[in-house]
Amino acid sequence: TKNNALDFDDLLLKVLEIFERHPGISDQYSSRFRHVMVDEYQDTNRVQYLITRHFAKWHGNLAVCGDPDQSIYAWRGADIRNILDFETDFGAPVVVKLEQNYRSTGVILQAAQAVIRNNRGRKAKEIWTAAGEGHKLTLRVCADENDEAREIARQIHELRTHGQRLDGIAVFYRVNFMQRALETALRLARIPYQVIGGLEFYERREIRDLIAYLKLIVNPSDAVAFRRVVNVPQRGVGDKSLETLVQWAADRRVPLHQAVLSQEALAQIRGRARAGLAEFGELLARLDPLREQDAALALDQVLEAIDVGKWFAEMDDQSGVDREANVEELRAHAAGYDRLVSGEANAAGEVRLRGLRGFLQEIALVNDTDGLEESTEKVTLMTLHSAKGLEFPVVFIAGVEEELLPHSRAVAESLGDDSESGVEEERRLFYVGLTRARERVVLTHTRERTHFGQMSFRTPSRFLEEIPPELIEGSEPDRDETEMLGAFDPPLQVAEVRVGDHVDHAHFGRGTVERLVGMGINARATVRFSAAGTRELLLQYANLKVIGRSSR
């Protein structure tokens, strides 16, 4: 009203308002359009449903096309009851079931059907294909999100060597924060990719802002980073005030971080901008001692210093939850880097720069596109919600585990709900993901995952249990850990150790292997040493010698 403008939702509401208040106008349009057809009817909301009734009330010639098993947009207003209750709402229509599928192989359809049959809110149908049975679904159980990403990259590389084009491969995930590990693995493997329906992880606004702050800690003279975050969160520093400061600094050949602390420089600036720049200068001074600290500690201090709640509130869009999850993923990545290069893993032989400097160096390495193949062939990364309507010869679905798929929010919404509407929509989302594949489906989940700063043990998704085991290969949940360690085919040989083995280490002496996690270059063992206590070692560098074989 203030801007004398309407968005799409307003246009719908205003049309419905006119029809409800002026039946004559509704009748006029109903008689004008003698046949009404609606596609993707399962995605209509309440307002669209009521408008459809107005259009069809005069003659009743209404045809709708839709699949309730693909209704996945309740979060933006879609109401599955519109299609489930169609026969009740519009009399006794002729129902034509379109059951032949022209996309997927028989095995893929059998798996998808087995899953979706567990939903009560649906219309029964039996999809079939003339395309043959095809390959079984592949299931990979990985140690953590980084192992998962590397396993996906490894399989994509293998598919490529056997002639599969990269533009025929898609990787789906439930939530955006999962992009970080996937992008890192693909970049390091020199596999070109594109993100559909969103930005690359390190291109997202909140991630770029935080990395700019971290860069300023390590290099206070970074003028690009200074300009990016001088108003993050808002400090009232306009372009004119900033240019005044920049010119003052240039004239005296001093960096901006020194200029912003100068009373002489600030005297050139008026109003709110002066206070904002003074505040920013004080913040940078408080952060300066963090230069030699661990990456996670530095990031935590930045988040506290900028008042992260205020910062999120200023981003006046609908991505608050995603932005928070992305920030937590960056924080988890920083903590993981700190763990990897600290303590005994470093003593065991790994050479990496520790702390914040090393973390920024690793990010720069991952984001370095020099040598990354420029190609029209690219693997597609996207959320499951973005995948609807598309198809690919090969589909990977990452993170098929409880709290991700189905999402924890959907599970919480379904508690006490006899219809289990939240979980049923998540099941439809998984169904959509499966049926995007023409030839192959690879499903992955992890045993551990870092989310919101916490490493937690993960449970395979309930949806995996709904797929008949004869349709899946590689689904054994208790595979030998030595098989898991060898699955990635690391460039360097690692010791073939088992839980319970007695081993000898050149520095820590003799001990017993208590736990094995990870694969390839990230494979690591928890060893209880007689003299040195319990240590976690990277197997690639630890050079463990087995002196007593476990009988397990």
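Since this is a predicted model, take the numbers as computed values, not measurements. (Residues numbered from 1 in each chain as written. Predicted model: local features only at pLDDT ≥ 70, side-chain atom pairs only at ≥ 80, totals over all residues. Heavy atoms only, no water.)

Asks: Now, about the side chain of T138: what can you tell me, with residues and values included?
Replies: Locating T138 in the fold gives a position in strand 3 (residues 137-142). Taking the relative accessible area as the measure of exposure, T138 reaches 10% and is therefore buried. Sequence-distant contacts of T138, that is, excluding residues within four places in its chain, are made with Q155, V441, V442, L443 and E473. (Helix = DSSP H or I, 4+ residues; strand = E, 2+ residues; numbered from the N terminus. Buried < 20%, exposed > 50% of the residue type's maximum accessible area, 1.4 Å probe, protein only. Contact = heavy atoms within 4.5 Å.)

Asks: Tell me about the environment of G60, and please be specific about residues and values.
Replies: Topologically, G60 is positioned in the loop between helix 3 (46-56) and strand 2 (62-64). Classification of G60 by relative accessible area gives exposed; the value is 51%. Sequence separation of G60 and S30 is 30 residues, and the distance between their C-alpha atoms is 9.3 Å.

Asks: Now, about the packing of helix 6 (residues 106-116) against helix 21 (residues 421-434): what can you tell me, with residues and values included?
Replies: Where helix 6 contacts helix 21, the two axes come as close as 9 Å, and the packing angle between them is 175°. One finds that helix 6 runs roughly antiparallel with respect to helix 21. Touching I108, A111, A112, Q113, V115 and I116 of helix 6 are R427, R428, F430, Y431 and L434, all from helix 21. In terms of residue class, the contact of helix 6 with helix 21 is made up of eight nonpolar, one polar and two charged. (Axes fitted to C-alpha atoms, helices over the stretch in contact; angles between N-to-C directions. Parallel < 35°, antiparallel > 145°, perpendicular 65-115°, else oblique. Nonpolar A, V, L, I, M, F, W, Y, C, P; charged D, E, K, R; others polar.)

Asks: Give me the lowdown on the pattern of salt bridges, citing residues and values where you can.
Replies: Evaluation of the coordinates by the stated rule reveals 40 salt bridges. Ionic pairing is found between R323 and E206, a salt bridge with its closest N-O pair at 2.4 Å. Within this pair, whereas R323 is found in helix 17 (residues 320-341), its partner E206 is found in helix 9 (residues 205-218), the two being separated by 117 residues in sequence. Residue R323 is classed as buried on the basis of its relative accessible area, which comes to 13%. Relative accessible area serves as the criterion here: at 1%, E206 is assigned to the buried category. (Salt bridge = Lys/Arg side-chain N within 4 Å of Asp/Glu carboxyl O.)

Asks: Please give an account of helix 3 that cites residues and values.
Replies: Among the residues making up helix 3, those that are buried are V47, Y49, I51, T52, H54 and A56. Where helix 3 is buried, its residues touch helix 1 (8-21), helix 2 (23-32), strand 1 (36-38), strand 2, helix 4 (81-84) and helix 5 (86-89). Put simply, N45 is the residue that caps the front of helix 3, since its side-chain oxygen is 3.2 Å from the backbone nitrogen of V47. (Polar contact = N/O pair within 3.5 Å; in protein donor to acceptor, adjacent residues only side chain to side chain.)

Asks: Could you give an account of the packing of aromatic side chains, naming the residues involved and the relevant values?
Replies: Taken as a whole and assessed by the stated rule, the structure comprises 14 aromatic pairs. Between F33 and F55, the ring centres sit 6.0 Å apart and the planes meet at 80°, which makes this aromatic pair edge-to-face. Of this pair, F33 sits in the loop between helix 2 and strand 1 while F55 sits in helix 3, and the two are 22 residues apart along the sequence. Given the relative accessible area of 37%, F33 is considered partly exposed. One cation-aromatic arrangement involves R53 over F90; the distance from NZ or CZ to the ring centre is 5.4 Å. (Phe/Tyr/Trp six-rings, centres within 6.5 Å; stacked < 30°, edge-to-face > 60°. Lys NZ or Arg CZ within 6 Å of the ring centre and 35° of its normal.)

Asks: Outline the nonpolar core, supporting the account with residue identities and numerical values.
Replies: Ranked by internal contacts, the top residues of the largest apolar core, which has 55 residues, are L210, Y213, L214, F226, L245 and W311. By residue number, the principal contributor to this core is helix 9, which donates nine residues. Excluding its chain neighbours within four sequence positions, the residues that come into contact with L245 are F226, L256, A259, V260, A265, I269 and L277. The next biggest cluster of nonpolar side chains, apart from the first, holds 37 residues, and it includes I72, L139, F172 and L471. (Core = buried A, V, L, I, M, F, W, Y, C linked by side-chain atoms within 4.5 Å.)

Asks: Pulling in residues and values, what's your account of the sheet that holds strand 5 (residues 193-195)?
Replies: Strand order in the open sheet formed by seven strands is 5-6-4-7-8-3-11, with parallel pairing between adjacent strands. The sheet terminates laterally at strand 5 and strand 11 (472-473), the two strands that pair on one side only. Relative to strand 6 (residues 379-383), strand 5 runs parallel, the two being bridged by three bridges. The residue of strand 6 that forms the bridge with Q194 is T380. Those strands touched by helix 7 (residues 145-161) are strand 3, strand 4 (169-173), strand 6, strand 7 (392-397) and strand 8 (437-446), and its axis lies near 155° from that of strand 8. Across the sheet, helix 8 (residues 179-188) touches strand 4, strand 5 and strand 6, and the angle it forms with strand 5 is around 160°. (Pairing = 2+ DSSP bridges.)

Purely spatial values, then, with no claim about function.
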